[in-house]
Amino acid sequence: MAEEKKAAAVSQNAADKKEQNMMNISASPHIRGGQTTTFIMWDVIVALMPASVIGIYNFGYRAALMILICVTGCVVSEYLTELLLKRKNTIRDLSAVVTGLLIALNLPVELPYWMALLGCIFAIVVVKQLFGGIGQNFMNPALAGRVFLVMSFAVPMTRFTIDAVTTATPLMVLRSDGVNAVDIWDMFVGNSAGTIGETSALALLVGALYLIIKRVIRVTIPLTYIGSFALCIVIYGLTQDMGFEELMRFTAAHICGGGLMLGACFMATDYVTSPITEKGKVIFGILLGGLTFCFRIWGSSTEGVSYAIIIGNLLVPMIEMITKPKPFGKGYEKKSISENRGWLEPVELDEEGKPVKNKKKKEGPLRILVAICCIALLSGALLGGIFALTEKPIAETAERKKQESYKAVMPDADSYEEYTEVDGLNTMLEDAGYTGVTLDSSVNALKGSDTAGRIYIITSHEGYAGDIKMAVGIKDGEVTGVNMLSIGETTGLGMEARDNPSFAAQYVGKKNTLEVVKTTPESDDEIQAITGATITSKAVTNAVNAVIYLDSAGELPE
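Definitions and limits used
- Residue positions are given per chain, counting from 1 as you read along its sequence in written order.
- The model is predicted, so local features are restricted to residues of pLDDT at least 70 and side-chain atom pairs to those at 80 or more, both for listing and for counting; the totals for chains, interfaces and linings are taken over all residues.
- Here the side-chain values reflect all heavy atoms present in the structure, with hydrogen atoms and water set aside.
- Per the convention used, a helix needs a DSSP run of H or I reaching at least four residues, while a strand needs a run of E reaching at least two, with both numbered from the N terminus.
- The buried label applies to any residue whose accessible area, calculated with a 1.4 Å probe on protein chains only, is under 20% of its type's maximum; exposed applies above 50%, and partly exposed to all values in between.
- Should any heavy atoms of two residues lie within 4.5 Å, those residues are counted as being in contact.
- Surface exposure here means Shrake-Rupley accessible area, sampled with a 1.4 Å probe, where a residue is shielded only by the protein chains that are shown.
- As used in this record, nonpolar core signifies buried Ala, Val, Leu, Ile, Met, Phe, Trp, Tyr and Cys residues forming a set joined through side-chain atoms within 4.5 Å.
- Polar contact is defined as a pair of N or O atoms within 3.5 Å, subject to the rule that within protein one atom must be able to donate a hydrogen and the other to accept it, and that residues adjacent in sequence are counted only when both atoms are side-chain atoms.
- In summary, the pairing rule links any two rings of Phe, Tyr or Trp, Trp by its six-membered ring, whose centres are within 6.5 Å, and it sorts them by plane angle into stacked for under 30 degrees, edge-to-face for over 60 and tilted for everything else.
- Salt bridge, as used here, is a side-chain nitrogen of Lys or Arg placed within 4 Å of a carboxyl oxygen of Asp or Glu.

A. Representation of the overall build of the chain. Of the regular secondary structure elements, the chain holds 20 helices and eleven strands. Taking all 558 residues of the chain together, the buried fraction comes to 44%. Partitioning the contacts of the chain with sequence separation of at least 6, the portion at a separation of at least 24 is 65%. Counting every atom, the chain has about 30400 Å² of accessible surface; 60% of that belongs to carbon and sulfur.

Below is the structure:
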């Protein structure tokens, strides 16, 4: 009898364990399907192969080595992190391989390998594993790794080459020199500068079509993303009085360039960081299109896909809250016949069956909006307090920088007398056609009691990303130096006006009106433009021309 009871208990325990094993509680979304994570990731890898092959063909062995390093770095980082955190090993699901491949395809080929490896570690350890592993990350790990690298190493992340020659990307050329300066066909097939995987729109479309056929992704997000972005570009082009052909070329260049295809088809569609509902996908795609348009047209960089998708990822919970479907039976209330009115009236009843007063429930989105407003007010007050504390040190730093600029452009002087009453001089500049500059002050550079020259503090309003403020020294009618006081151009391109001494050195000794050229100067009155930063080069040169004109006019305070 005892043996029978023991056998029955063992059988019951086995049945209980079997029942428990049938219940697998995991992170949302809960979607039934025959596909596994490994199969899905394998399909994504296959879909990225055309872009990878084109990247290796264009950029050579360094592209292949970059892909190998990034994939290995992500897999090893995931394995070691899970080992340290005592979690189940998940490297066999290939998600780390996909992350590494996407990071590599989003990097310039000349980026130092150790920087790429650092971005992989950040993506896997910080963005993915510290938030719970696969299915728990709040933003796309590959894009987070790329943005981390852009913020940490801006110059190497914005230096692009093709055929071993450093050059500007098509979108940079488009903004700087106009739509006729870019080759749409080269952008479509992949014969242009850019990151390893973004150059060929054709290869990315082939990969996206494969994913759609395999039903790994749906067309909703890519279609609404690219469509809304294209619509914004067309509307903007119409406001710029573009002809039909120019408008079509302008739109096609923006669609084919800048990683839009890569982001829309392979990263915006990430299961974990994109909405589940169909309405949510549409809202998400439109949001990404609008953000990318704003970043590209009005931002300091020609790229905007990475930042747009990351911001969209952060807003996904709110999008899903707004668009979540109504559960079956939701809103049904017990009804009773009103004693006074004689018709059916919905009445909410308590546990005892008695009517209770209806209370307005606070809506989730409203609470979130109020919380965001409170956080914004608190952040604004905090920033205001910090500004009040740092205003004086900032002013002292600016004055010290100005004195250093005086010394840089007029090294022979030992004292300076600044004149800020320059309204008349600005009127002279305006009458002479220099409408894109403003003279801030004129400085007499003195050596002892003698005049060593004159320094002009002038601001150009024609920079690529905004105003460029500089000090220009003049002695005996010749430029003695140009030094940037304030400049916010694109890192690695327009910022070369400040960071590359050889550019400013071109102006030294000039005394006639100067012209910007893209090739090696053939005359003494030509200035070679910074590669990919023609607008910045022209803005600085126009300001120097204005100074040369003022100094030659001779109507200055003594």
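B. Broad picture of the nonpolar core. If you look at the biggest cluster of nonpolar residues, it comprises 86 residues, and the most contacted ones within it are Leu107, Tyr225 and Phe266. Once residues lying within four places of it in the same chain are set aside, the contact partners of leucine 107 are Met66, Cys70, Ala116, Leu149, Met157, Thr195 and Ile196. Residues Met484, Leu493, Phe503 and Tyr507 belong to the second largest nonpolar core, which totals 38 residues.

C. Highlighting the environment of glutamine 240. The residue glutamine 240 is located in the loop between α11 (220-239) and α12 (244-256) in this model. Residue glutamine 240 is classed as partly exposed on the basis of its relative accessible area, which comes to 42%. Here threonine 239 takes part through its side chain, which lies 3.3 Å from a polar atom of the side chain of glutamine 240.

D. Seen up close, the environment of asparagine 444. Relative to the assigned elements, asparagine 444 resides in strand β6 (residues 437-447). Assessed through its relative accessible area of 4%, asparagine 444 is described here as buried. Along the backbone, asparagine 444 and tyrosine 419 are 25 residues apart, and their C-alpha atoms lie at a distance of 8.1 Å. Side chain to side chain, asparagine 444 and arginine 454 meet in a polar contact 2.6 Å long.

E. Geometry of the packing of aromatic side chains. Across all of its chains, the model carries twelve aromatic pairs by this definition. When the ring of tryptophan 185 is compared with that of phenylalanine 188, the centres are 5.9 Å apart and the planes differ by 35 degrees; the resulting orientation is tilted. Of this pair, tryptophan 185 and phenylalanine 188 both sit in helix α9 (residues 184-189), separated by three residues, roughly a single helical turn. The exposed category is assigned to tryptophan 185, whose relative accessible area is 58%. Look at phenylalanine 188 and you get partly exposed, because its relative accessible area is 25%.

F. Region of the structure containing the pattern of salt bridges. All chains considered together, the criterion is met by six salt bridges. Between glutamate 278 and arginine 218 there is a salt bridge, with its nearest N and O atoms 3.2 Å apart. Taken as a pair, glutamate 278 in helix α14 (residues 278-298) and arginine 218 in the loop between α10 (201-213) and α11 lie far apart in primary sequence, 60 residues in all. Given the relative accessible area of 55%, arginine 218 is considered exposed.

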